[in-house]
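# Structural description and commentary
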Protein chains: 2
Amino acid sequence: MKEIKQNKNSSSSTTELVQEVARDLEEIPKESRRNFLKRGFFFSVTAAAALGGVGASKLYAQDHVDPKNLPPNNPQWGLKWGRDVNANPYGVPSKYEKNVVRRMVPWLTADKKASVSFTPWQDLKGIIVPNGLHFTRCHGGVVDINPLEWRLLIHGLVDREVVLTLEDIKRYPSISVIHSFECAANNGMEWRGPGINSLQATHGMLACSEWTGVPLKVILDDIGLKPEAKWMFPEGSDPAGVGRSIPIEKVLDDAMLVYAMNGEALRPEQGYPVRLFLPGWEGVLQIKWLKRLKFDTKSWMVREESTKYTMLEADGHALMYNWSMEANSVITYPCPERDLKGVKKGMIMVQGIAWSGKGTITHVDISTDGGINWKPARFTSLVLPKAVTRFEAEVEWDGKPMMLQSRTTDDTGYTQPTAGQLIAARGKEAVYHRNAIQTWEVKSNGEVNDVQIYS
Amino acid sequence: MKEIKQNKNSSSSTTELVQEVARDLEEIPKESRRNFLKRGFFFSVTAAAALGGVGASKLYAQDHVDPKNLPPNNPQWGLKWGRDVNANPYGVPSKYEKNVVRRMVPWLTADKKASVSFTPWQDLKGIIVPNGLHFTRCHGGVVDINPLEWRLLIHGLVDREVVLTLEDIKRYPSISVIHSFECAANNGMEWRGPGINSLQATHGMLACSEWTGVPLKVILDDIGLKPEAKWMFPEGSDPAGVGRSIPIEKVLDDAMLVYAMNGEALRPEQGYPVRLFLPGWEGVLQIKWLKRLKFDTKSWMVREESTKYTMLEADGHALMYNWSMEANSVITYPCPERDLKGVKKGMIMVQGIAWSGKGTITHVDISTDGGINWKPARFTSLVLPKAVTRFEAEVEWDGKPMMLQSRTTDDTGYTQPTAGQLIAARGKEAVYHRNAIQTWEVKSNGEVNDVQIYS
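A brief look at the structure comes next. What you see is a predicted model, and the numbers here were worked out from it, not measured in a lab. Residue numbers run consecutively from 1 along every chain, following the written order of its sequence. To label them, take the chains in the order written and letter them from A, then take the ligands in the order written and number them from 1. It should be noted that, the model being predicted, local features are given only for residues of pLDDT at least 70 and side-chain atom pairs only at 80 or more, the latter also being counted only at that level, while totals for whole chains, interfaces and linings use all residues. Side-chain descriptors were evaluated using all non-hydrogen atoms of the structure, hydrogens and water having been removed beforehand.

### A few points about the overall build of chain A
Going along the chain from the N terminus, every DSSP run of H or I of four or more residues is numbered as a helix, and every run of E of two or more is numbered as a strand. Helix and strand content of chain A: 10 helices and 23 strands. Per-residue burial over chain A gives 63% buried out of 455 residues. What sets the accessible areas is the Shrake-Rupley method with a 1.4 Å probe; for residues, cover comes only from the shown protein chains. If you sum the accessible surface of chain A, you get close to 15,900 Å²; carbon and sulfur atoms cover 53% of it. Accessibility here uses a 1.4 Å probe with only protein chains present; expressed as a share of the type maximum, an area under 20% marks a residue as buried, one over 50% as exposed, and anything in between as partly exposed.

Below is the structure:
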């Protein structure tokens, strides 16, 4: 296996990225290439289908259509006027994409307000998740706040207790940063074995966006933080009044008050007009519809950090304050929702995502035999700290069953564990922070299932 | 003026960015800081307003509210259930943001199908433009294509003429890259003097997104390009059949067939299901609703590159094939739509965007006196090749009139020209590629107007 240079400079140009992909493809074994080159494309779809899977591997298993069989020249598209250029002043997806939506798991929660809907990773590309598809987790429903009425109280151990308007917040310096956003319970339905057969359900409590706002350090430098302040308590405006104790080191490191995501105002589901943002940490800490920030010497031991969002270990103790999300990865194609049924044998492009709340992804390997053999994948997007990173790897699929896995390492040196390793460390009751290697079983008919391999 | 290190590594962490902003603020002159620190916040909004503009400068002109004057504790938000977590499976903005939309200029085009709508930069943050707000330029209306019926013919000087389905395109390796996207006519209404008094109208034919697709080099390596092929002709499926001749060097450098933007499928207005993508080049070249790619030895001299999209020079000659967009910048706050009326005197945070189709932004300066004195701005986002970059600079506004300008340089060494320099080089009939320094006149009442300074 050739050496793939991973974790490249995130500012590499598209030209360099194209050259890298092209070089990778030149490494496809000569035998495959020779067979590929000998093979003509000049037969119809039907003829190609009849030959399906016969002979040696074909790059991308392409069976392009003969131009002689070109369909009628799209008369309905080319011969009449389209819609008005501004038919939708705020644009919407194509009507042919209406199934690309967030989904709920009906039995998971008792009602639809204190519940969760999941990001459809099976349909997404790149690292940015559009705002309309960012997963939603609420403890008391989505709150609609009038930004002109909104106020933020900052009190406790500060030199000057103040109340800020949205206008005040926006007058501070801002920064715009791309980071992943993950619920502590992402993949949590898998602790006791395979759960719902769906990538959206197993890994859909994850998103990645560009966030804009003011660093809390800047506000605290302005109003003055007393030296004895060691914890911050942010409280939200939802009926659950969700709040969590945040250590001051994180507050002064990279915490932000954000008011925009992916260019526009925060969405109501994400805490409009202002939420707390803590790069790489559990989603629940990043309080939405922010109402106040209090500073004190001790943590508050509120409900969401004492009876909830703790991890029950095998010996009966509960682990508290496990804030930052570990390195993790999952294959997004193929997956249960986008399987290989009807897909021709040959070269397929396995695609996936890797992310870490603790640093930058440095490496991703994939396996087709459940973790016995591994080969490195290629990064195909920006590689940024505490962000989703895209990877791809060519896999020769001969129609035999596969056990597909991805395994990632971040720049802290940490490598994603197997399900068995994670259970050995945590037991099966932890609920949160499940970042074990995910296995997709590909059957010979192309069906893809969520299974678990513990070794 | 202190030295600001610009064009930092685009992979710098949020921690580093926060530290940089905090360090910058420490450089605020001591006199301002001393006056700021002496000034208590413990009076009400009304009292603060009465003191408005009195005394020395105040950091961010903040007049935070006394906590004693905290409004009622948001009873309507905290005491009743919010909306269902999945009320919108495909989410939409807050009802309070309904004015953040693309807009048309009614008199600009004869009808609403061959027309343009503009990106509302006055309302945007960060570098990513949400898909619903990406400007739209169509020559025959928005085409709705069924992706299952869509076909792409590749013919002419290739080893194998093929017809690709969307499935074929998606089986190739993909890359996901963040790039700006600009119409050649962006700012084109300003050639003869100040145009519509609106940032959305002057610079709204620009956007920036993460684009996912296959490099054309990969497809051509696969099907084989004949050595005599020097030009590519892409044709769209709109009734105008828009097409342009593209030199083979660009095709093999970084051209892509893209099918996703900002994570999800291309929007219909952007060419769903597949458009050509040419990083940094004029938008019109990047054919939407792509139907065919033909390779040949010569350019085609079609309508859109002979009678349209050429630049008439002062001597009567027309400049053809001026493909890539030059370095450019504009201040987004304040601007005509978001002026300083009612804004308290003191420190204001001037914000803007800079971009170049030819490389990476290396520097941005701002001026408050129409280009006599300049000071460097701070980058507040990723700094990527051929992409929008965000900048900010603190400005002390004492209520006197200002002539606000920004001026950028890219890594080719090119610096944005004044209006006078650009007119001297091009005349006033060029229509396209107007990248002159933009001037916003700030009046003492806070009103902001589009004006031109030629020197």
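### A word on the relation of the copies chain A and chain B
For the pair chain A and chain B, the best superposition has an RMSD of 0.0 Å and corresponds to a rotation of 180° with a translation of 0.0 Å parallel to the axis. Both copies are brought into coincidence by an operation consistent with a two-fold rotation axis. Should any heavy atoms of two residues lie within 4.5 Å, those residues are counted as being in contact. Taken as a fraction of all interface residues of chain A, those also at the interface in chain B reach 99%, which identifies the copy contact as same-surface. Least squares is the method used to superpose the copies, on C-alpha atoms of residues holding a pLDDT of at least 70 in both.

### As for the state of the cysteines
To count as a disulfide, a pair of cysteine sulfur atoms needs to be within 2.5 Å. Tallying each qualifying case throughout the model produces zero disulfides over all chains. No disulfide involves Cys 335 of chain A; its sulfur sits 19 Å from the nearest other cysteine sulfur, which is in Cys 208 of chain A.

### Focus on the sheet that holds strand S24 (residues 448–451) of chain B
Here, a strand pair is defined by DSSP locating no fewer than two bridges between the strands. Reading across from one edge, S19-S18-S22-S23-S24 (chain B) is the order of the five strands in this open sheet, with antiparallel pairing throughout. Each of the sheet's edge strands pairs with one partner strand only, and the pair in question is strand S19 (375–376) and S24 of chain B.

### Let's talk about the sheet that holds strand S4 (residues 162–164) of chain A
Here we have five strands laid out as an open sheet, ordered S4-S3-S12-S7-S8 (chain A), and mixed in their pairing. Each end of this open sheet is capped by a strand with a single partner; those strands are S4 and strand S8 (246–247) of chain A.

### Some words on the pattern of salt bridges
One side-chain nitrogen of Lys or Arg within 4 Å of one carboxyl oxygen of Asp or Glu is enough to make a salt bridge. The final tally for this structure, using the stated rule, is 43 salt bridges over all chains. Linking Glu 282 of chain B and Arg 244 of chain B is a salt bridge whose minimum nitrogen-to-oxygen distance equals 3.7 Å. Of the two residues, Glu 282 of chain B sits in the loop between strand S12 (275–277) and strand S13 (290–296) while Arg 244 of chain B sits in the loop between strand S8 (231–236) and strand S9 (246–247), which places them 38 residues apart along the sequence. Across this residue pair, the class does not change: Glu 282 of chain B and Arg 244 of chain B are buried. By sharing partners, the salt bridges in this structure join Asp 24, Arg 378, Glu 392 and Glu 394 of chain A into a single network.

### Quick look at the interface of chain A and chain B
When the parts of a complex come together, some accessible area is lost, and that lost area is often taken as the interface size. Across the boundary between the two partners, chain A contributes 142 residues, which contact 141 residues of chain B. Buried area is a sum: the accessible area each of two parts loses on coming together, probed at 1.4 Å, counted once for each and added. Between chain A and chain B the total buried area reaches about 11,900 Å² when both faces are included, carbon and sulfur atoms providing 59% of it. The largest share of the area that chain A buries against chain B comes from Trp 77, Val 85 and Arg 171 of chain A, three residues that together contribute 8% of it. Where chain A touches chain B, the interface holds four salt bridges. The shortest N-O distance in the salt bridge between Asp 144 of chain A and Arg 83 of chain B comes to 2.8 Å. Any pair of nitrogen or oxygen atoms within 3.5 Å is treated as a polar contact; in protein, a donor-acceptor pairing is required on top of that, and neighbouring residues in sequence qualify only through side-chain atoms on both sides. Across the chain A-chain B interface, the total number found is 42 residue pairs in polar contact (both at pLDDT 80 or more). With seven residues, helix H1 (residues 14–26) of chain A is the largest single contributor of residues to the side of chain A that touches chain B. Each residue belonging to the side of chain A that touches chain B can be placed in one class, and the counts come to 68 nonpolar, 36 polar and 38 charged. Gly is put with the polar residues, along with every residue not named as nonpolar or charged; the nonpolar set is Ala, Val, Leu, Ile, Met, Phe, Trp, Tyr, Cys and Pro, and the charged set is Asp, Glu, Lys and Arg.

### A word on the nonpolar core
Take the buried residues of types Ala, Val, Leu, Ile, Met, Phe, Trp, Tyr and Cys, join any two whose side-chain atoms come within 4.5 Å, and each joined set is a nonpolar core. Counting residues in hydrophobic clusters, the biggest one holds 238 residues, and the most contacted among them are Ile 154, Leu 257 and Phe 295 of chain A together with Ile 154, Leu 257 and Phe 295 of chain B. In contact with Ile 154 of chain B, not counting residues within four places along its chain, are Glu 161, Val 162, Leu 164, Ile 219, Ile 223, Leu 293 and Phe 295 of chain B.

### Thoughts on helix H7 (residues 216–223) of chain A
The buried count for H7 of chain A comes to six of eight residues, which makes it a mostly enclosed element. Buried residues of H7 of chain A: Leu 216, Val 218, Ile 219, Leu 220, Asp 222 and Ile 223 of chain A, and no others.

### Topic: unusual backbone geometry
Residues and elements named next belong to chain A. The amide bond that connects Tyr 272 to the next residue, Pro 273, takes the cis arrangement and shows omega of 5°. Looking at the secondary structure, you find Pro 273 in the loop between strand S10 (264–265) and strand S11 (275–277). With a phi close to 50°, Tyr 321 is a non-glycine residue in the positive phi region. Inspection of the secondary structure puts Tyr 321 in the loop between strand S14 (318–319) and strand S15 (328–333). With phi around 65°, Val 431 is a residue other than glycine that occupies positive phi space. Checked against the element boundaries, Val 431 lands in the loop between helix H10 (419–426) and strand S22 (439–442).

### Considerations on the pairing of strand S2 (residues 115–118) of chain B
Residue and element names in this part refer to chain B. Where burial is concerned, the two faces of S2 agree: the one with Ser 115 and Ser 117 and the one with Val 116 and Phe 118 are both buried. In this structure, strand S1 (residues 103–104) lies alongside S2, joined through two bridges in antiparallel fashion. Across the sheet, residue Arg 103 finds its bridge partner in S2, namely Phe 118. In terms of strand pairing, S2 meets strand S3 (residues 136–138) through three bridges, oriented antiparallel. Note that in S3 the partner of Ser 115 across the bridge is Cys 138.

### A short note on the packing of aromatic side chains
Centres within 6.5 Å are what make two rings of Phe, Tyr or Trp a pair, Trp counting through its six-membered ring; a difference in plane orientation under 30 degrees is then read as stacked, over 60 as edge-to-face, and the rest as tilted. Scanning the model with the defined rule gives 20 aromatic pairs over all chains in all. For the pair Phe 233 of chain A and Trp 300 of chain A, a centre-to-centre distance of 5.3 Å together with 35° between the ring planes defines the contact as tilted. Residue Phe 233 of chain A is located in strand S7 (residues 231–236), and its partner Trp 300 of chain A is located in the loop between strand S12 (290–296) and helix H9 (303–306); the two are separated by 67 residues in the primary sequence. Assessed through its relative accessible area of 26%, Trp 300 of chain A is described here as partly exposed. Measuring from ring centre to ring centre gives 6.2 Å for Phe 181 of chain B and Phe 277 of chain B, while their planes differ by 20°; the resulting arrangement is stacked.

### Concerning the packing of H7 of chain A against helix H1 (residues 14–26) of chain B
For the pair H7 of chain A and H1 of chain B, interaxial distance at closest approach is 9 Å and the crossing angle is 30°. Comparing the axis directions of H7 of chain A and H1 of chain B gives the class roughly parallel. Our pair here, H7 of chain A against H1 of chain B, has a crossing hand that is right-handed. Along the contact surface, H7 of chain A presents Lys 217, Val 218 and Asp 221 of chain A, while H1 of chain B presents Val 18, Val 21, Ala 22 and Leu 25 of chain B. Within the contact of H7 of chain A with H1 of chain B, the residues separate by chemical class into five nonpolar, no polar and two charged. Angles shown run from 0 to 180 degrees and are taken between the N-to-C directions of axes, each axis being a line fitted to C-alpha atoms and, for helices, limited to the stretch in contact. Between 65 and 115 degrees an angle is taken as roughly perpendicular, under 35 as roughly parallel, over 145 as roughly antiparallel, and anywhere else as oblique. Crossing handedness: left-handed means the near helix sits turned counterclockwise from the far one by under a right angle, and right-handed means the same turn made clockwise.

### Quick notes on helix H10 (residues 419–426) of chain B
Residues and elements named next belong to chain B. Along H10, the positions that sit buried rather than exposed are Ala 419, Leu 422 and Ile 423. Looking straight down H10, one finds its buried side chains confined to an arc of 100°; they lie on one side. Looking at H10, the residues exposed on the side facing more than 90 degrees away from the buried face are Ala 424 and Ala 425. Positioned one or two residues after H10, Gly 427 has a phi angle of 80°, which is positive. Note: the arc covers the axis-to-C-beta directions of the helix.

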